[in-house]
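Structural description and commentary
So you can see what is in the structure, the chains are spelled out below.
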Amino acid sequence: MAKVLTRGILYLFLIIVAATCLIPFYSMIITSTHTNSDIARKLLLLPGDQFVDNYNRLKDTVNIWRGFGNTLFITVISTLINVYFAALAGYGFSKYDFKYRGVLFLVVLGTMMIPGQLGIIGFFKLVNSLNMLNTYWPLILPSIHNAFGIFLMRQFADSSVPTEIIESGRMDGYGELQIFNRIVLPIMAPALATLGIFAFIGKWNDFLTPMIVLFDNNLQTLPVMIASLKSQFTSDFGAQYVGIVISVVPVLVFFSFMSKRIIDGVAAGAVKG
Amino acid sequence: MGSKINKSYYGYFFIAPFFIGFAVFGLAPILYTLYLSFMKWDGFNAPVYVGFANYTRLLHDSFFYQSIWNTLLIWVLSNTPQLILALLLALILNEKFIRGKHFFRAVYFFPQIITPVTLGVIFSLMFDWQTGSINKILMYLGIVHDPVNWFNSPWWSRLIASAVICWQYFGFNMIVFIAGLQSISNEVYEAASIDGATKKQTALHITLPLLRPVFLFVFITSVIGGLQLFDAPLMLGDGPGNTSRTMVMYLYETAFKNFDYSYGAAVAYGIFIVVMFFTAITARASKLKD
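Residues numbered from 1 in each chain as written. Chains lettered and ligands numbered in written order. Predicted model: local features only at pLDDT ≥ 70, side-chain atom pairs only at ≥ 80, totals over all residues. Heavy atoms only, no water.

All names here are of chain A. Taking the UniProt record as the reference, the feature "transmembrane region" (unreviewed entry) is found at residues 9-29, 72-91, 103-124, 136-153, 179-201 and 238-257. Regarding residues 103-124, the helix share stands at 64% and the strand share at 0%, and the terminal C-alpha atoms are separated by 30 Å. Structurally, residues 238-257 comprises 100% helix and 0% strand, and the distance from its first C-alpha atom to its last is 29 Å. (UniProt positions renumbered as here; feature names shortened; annotations may be inferred. Helix = DSSP H or I, 4+ residues; strand = E, 2+ residues; numbered from the N terminus.)

Attention now moves to the pattern of salt bridges. Oppositely charged side chains may form a pair once their charged atoms are brought near each other. Tallying each qualifying case throughout the model produces 9 salt bridges over all chains. Here A:R170 and A:E167 are joined by a salt bridge, their closest N and O atoms 3.3 Å apart. Residue A:R170 and its partner A:E167 are both found in helix α9 (residues 163-171); the two are separated by 3 residues, about one turn of the helix. Across the pair B:R57 and B:D260 runs a salt bridge whose closest N-O atoms are separated by 3.3 Å. Of this pair, B:R57 sits in helix α3 (residues 53-59) while B:D260 is found in the loop between α13 (247-257) and α14 (261-288), placing the two residues 203 residues apart along the sequence. Counted as one network, the salt bridges with shared partners bring together A:E167, A:R170 and A:E176. (Salt bridge = Lys/Arg side-chain N within 4 Å of Asp/Glu carboxyl O.)

This part is about the side chain of A:S94. By secondary structure assignment, the location of A:S94 is in helix α4 (residues 64-95). In this structure A:S94 touches A:R101, A:R154, A:A157 and A:D158, once residues within four positions along its chain are discounted. (Contact = heavy atoms within 4.5 Å.)

Another aspect to go through is the side chain of B:D61. Within the secondary structure, B:D61 sits in the loop between α3 and α4 (62-93). A distance of 2.9 Å separates a polar atom in the side chain of B:D61 from the backbone nitrogen of B:F63. (Polar contact = N/O pair within 3.5 Å; in protein donor to acceptor, adjacent residues only side chain to side chain.)

On the UniProt side, "transmembrane region" (unreviewed entry) is annotated at positions that read residues 12-35, 72-94, 106-127, 159-181, 210-230 and 261-283 of chain B here. Secondary structure across residues 72-94 of chain B comprises 96% helix and 0% strand; the distance between its end C-alpha atoms is 32 Å.

For the structure shown, the criterion picks out 50 aromatic pairs over all chains. Plain terms: the ring middles of A:Y91 and A:Y96 are 5.8 Å apart, the flat faces sit at 90 degrees to each other, and that makes the pair edge-to-face. Across this residue pair, the class does not change: A:Y91 and A:Y96 are buried. With centroids separated by 5.4 Å and ring planes inclined at 45 degrees, the aromatic side chains of B:Y32 and B:Y35 adopt a geometry described as tilted. Here B:Y32 pairs with B:Y35, and both are found in helix α2 (residues 10-36), just 3 residues apart, close to one helical turn. Taken together, the ring pairs connect A:F25, A:F255, B:F109, B:F110, B:F123, B:F127, B:W150, B:W156 and B:W167 into an aromatic cluster. Over the face of the ring belonging to A:F105 we find A:R154, whose NZ or CZ atom lies 4.5 Å from the ring centre. Above the face of the B:Y263 ring, B:R57 is positioned so that its terminal group lies 3.6 Å from the ring centre. (Phe/Tyr/Trp six-rings, centres within 6.5 Å; stacked < 30°, edge-to-face > 60°. Buried < 20%, exposed > 50% of the residue type's maximum accessible area, 1.4 Å probe, protein only. Lys NZ or Arg CZ within 6 Å of the ring centre and 35° of its normal.)

This part takes up the interface of chain A and chain B. On the side of chain B, 84 residues touch chain A, which itself brings 90 residues to the contact. Between chain A and chain B, the buried area comes to about 8,000 Å², and carbon and sulfur atoms account for 81% of it. Among the residues chain A hides against chain B, the three largest losses belong to A:L14, A:L118 and A:I121. Together they make up 9% of the total. Applying the counting rule to chain A against chain B returns 12 residue pairs in polar contact (both at pLDDT 80 or more). With 17 residues, the single largest contributor to the side of chain A that touches chain B is helix α14 (residues 237-272) of chain A. Per-class residue counts for the side of chain A that touches chain B are 63 nonpolar, 16 polar and 11 charged. (Buried area = accessible area lost by both parts, 1.4 Å probe. Nonpolar A, V, L, I, M, F, W, Y, C, P; charged D, E, K, R; others polar.)

Here we take up the UniProt feature "domain: ABC transmembrane type-1" (unreviewed entry) in chain B. Mapped onto this structure's residue numbering, the UniProt feature "domain: ABC transmembrane type-1" (unreviewed entry) falls at residues 68-282 of chain B. The distance separating the terminal C-alpha atoms of residues 68-282 of chain B is 17 Å; by composition the span is 75% helix and 0% strand.

Taken together, the side chains of A:Y100, A:V103, A:V107, B:Y9, B:Y12 and B:F13 make up a nonpolar region of the molecular surface, amounting to roughly 640 Å² of accessible area. Residue assignment for the nonpolar patch shows that the elements contributing at least two residues are α5 (101-111) of chain A together with α2 of chain B. Along the chain, B:F13 falls in helix α2. B:F13 sits in the exposed class, given a relative accessible area of 55%. (Patch = residues over 30% accessible without salt bridge, like charges linked within 9 Å, V, L, I, M, F, W, Y side chains within 5 Å. Areas by Shrake-Rupley, 256 points an atom, 1.4 Å probe, with all protein chains shown as cover.)

Relative orientation and spacing of two packed helices are given, respectively, by the angle between their axes and the distance between those axes. Put simply, helix α13 (residues 222-232) of chain A and helix α6 (residues 116-126) of chain B touch, their axes get as near as 9 Å, and they point 20 degrees apart. As the angle between them shows, α13(A) and α6(B) are arranged roughly parallel. When the axes of α13(A) and α6(B) are compared, the crossing they make is left-handed. Between α13(A) and α6(B), the residues in contact are A:P223, A:I226, A:A227 and A:K230 and B:V117, B:T118, B:V121 and B:S124, respectively. Class assignment for the residues of the contact of α13(A) with α6(B) results in 5 nonpolar, 2 polar and 1 charged. (Axes fitted to C-alpha atoms, helices over the stretch in contact; angles between N-to-C directions. Parallel < 35°, antiparallel > 145°, perpendicular 65-115°, else oblique. Left-handed = near helix turned anticlockwise from the far one by under 90°.)

For α4(B), with 32 residues, the first-to-last C-alpha span of 46 Å sits near the 46 Å given by 1.5 Å per residue. Near the N-terminus of α4(B), the side chain that reaches the backbone nitrogen of B:F63, with its oxygen 2.9 Å away, is that of B:D61. (Expected span 1.5 Å × (residues − 1).)

The next subject is the confidence of the model for chain B. All names here are of chain B. The pLDDT averaged across chain B works out to 88; a share of 97% of its residues lies at or above 70. Here helix α1 (residues 2-7) stands out as the least confident element of chain B, with mean pLDDT 55; α3 is the most confident, with 95. A low-confidence stretch, residues 1-5 (pLDDT under 50), is modelled with 4 contacts involving residues beyond four sequence positions or located in other chains. (pLDDT = per-residue confidence, 0-100.)

This next bit is on the environment of B:F97. Residue and element names in this part refer to chain B. Structurally, F97 can be placed in the loop between α4 and α5 (101-113). For F97, a relative accessible area of 24% gives the class partly exposed. In this structure the C-alpha to C-alpha distance between F97 and V117, which are 20 residues apart in sequence, comes to 38 Å.

Residue and element names in this part refer to chain B. Contact pair α4 / helix α8 (residues 154-182): the axes reach a minimum separation of 6 Å and the direction vectors enclose 35 degrees. Relative to α8, the crossing made by α4 is right-handed. For the contact of α4 with α8, the class distribution of residues is 24 nonpolar, 5 polar and 1 charged.

We now examine helix α11 (residues 189-204) of chain A. Look at α11(A): 22 Å from first C-alpha to last across 16 residues, which is about the 22 Å you get at 1.5 Å a residue. Where α11(A) is concerned, the buried positions are A:A191, A:L192, A:L195, A:G196, A:I197, A:A199, A:I201, A:K203 and A:W204.

The structure is reproduced here in structure tokens:
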């Protein structure tokens, strides 16, 4: 009997925490379907029918889908660059026994300890002097250096890319880069996918850098648009909520398909780290 | 073997893009920021060398100290419940009899991948004193009679910022703890049960000590991440009298709102020193326990 009671309490606890995680999202979706006067006066628990009206007011002021597309474009390109160059360097550290390899790898790991905002003012100035302000270059190009990605890729190459296959590639007359592109990259696909998911999420949520380097509203990313909703729609809560829904629901759909892979990736990364 | 040695230097070509990318987009900005911190520069005219003037100003800047204090408070208020909750849930979900493990894990982890800015906006709308749902629920339940003006109170502002952080990241730490728990081999537990250890003894004397490397990982990531809080707190605002303004928010406001780039550069290095100081303390404290 005591055992059943303990289990019941544990389940209750798990369910309460789960509800706490989901209720804000439920509430936000429900609220986005009501009129401003209802949002201001009532506690809303059931869906209404004002979503389209709210959406139209949002769309008239903020080009939210443009922001969505911009973010998607930047994120996809950055993720590809991030993953490719992390694999390239991780493989290089794993399979080539060059001089100072150990020291250089420690340098790579050391760069992970630097807080991200330390150089942000210098970054802004650099971007300005390269005439790259208000372009996507400063958002995409830094993806070339991802120390954590190199660490993950080296682990994977050490354990799963056989040296014999590289030798046989050389026998077949492939160049070193060809061996990497044609033989090694396909073998590294599972690790590429895991790193790709993290790179994608990180870039999708990026906020400070686009906020300071982009000025043109048509180039702006979704997080920066969401951040400006409050000042643009001071008392139009319906439109604000629709904006939030557009920011959250695609991630929710993505996560419901990928959750197992994402969580396994986090667990693997943590144990290795 | 001969061919292998000849090809070794190709490794440099493979790792070169990282070092070039880091030199241009990582190191150069950091060094330029250091240079700027010894200058006076408004963004238009040529920078003028002023020595340590920015750092002297920083040492006497009560706003900077306040932002350190706020950040530490929000960090403690968010991380203490977050780590306890994460560990508790990890221990529960590690039990064999629990069903729906994957569902619970996925739900707890979900807030982690939502854009922090969006979460900040959601919470600021939920706690809006006139229209927010929290006040309506509290009034409906009869807990308060008049709506509470949350963001007009220093402590509520900090607590709400802490709640967002805690709510967003406990799932991540829980996954890390579960991974740590699962890396402890079953043999250890079997040995303990043969020796007649109770559940409580097993937890205190076996599980927790073996989790120490995992704790170190979680503490260090939470110090480095927690002291750089920015996105979500920015959406919740500075609070009354700047009582919920974090260090990085102060950096952002100094450099990109007031356009005082050179003083902002000094603030950036001030934050760097504070973060390094607390990371070192954490690493030291975890080693001392050994």
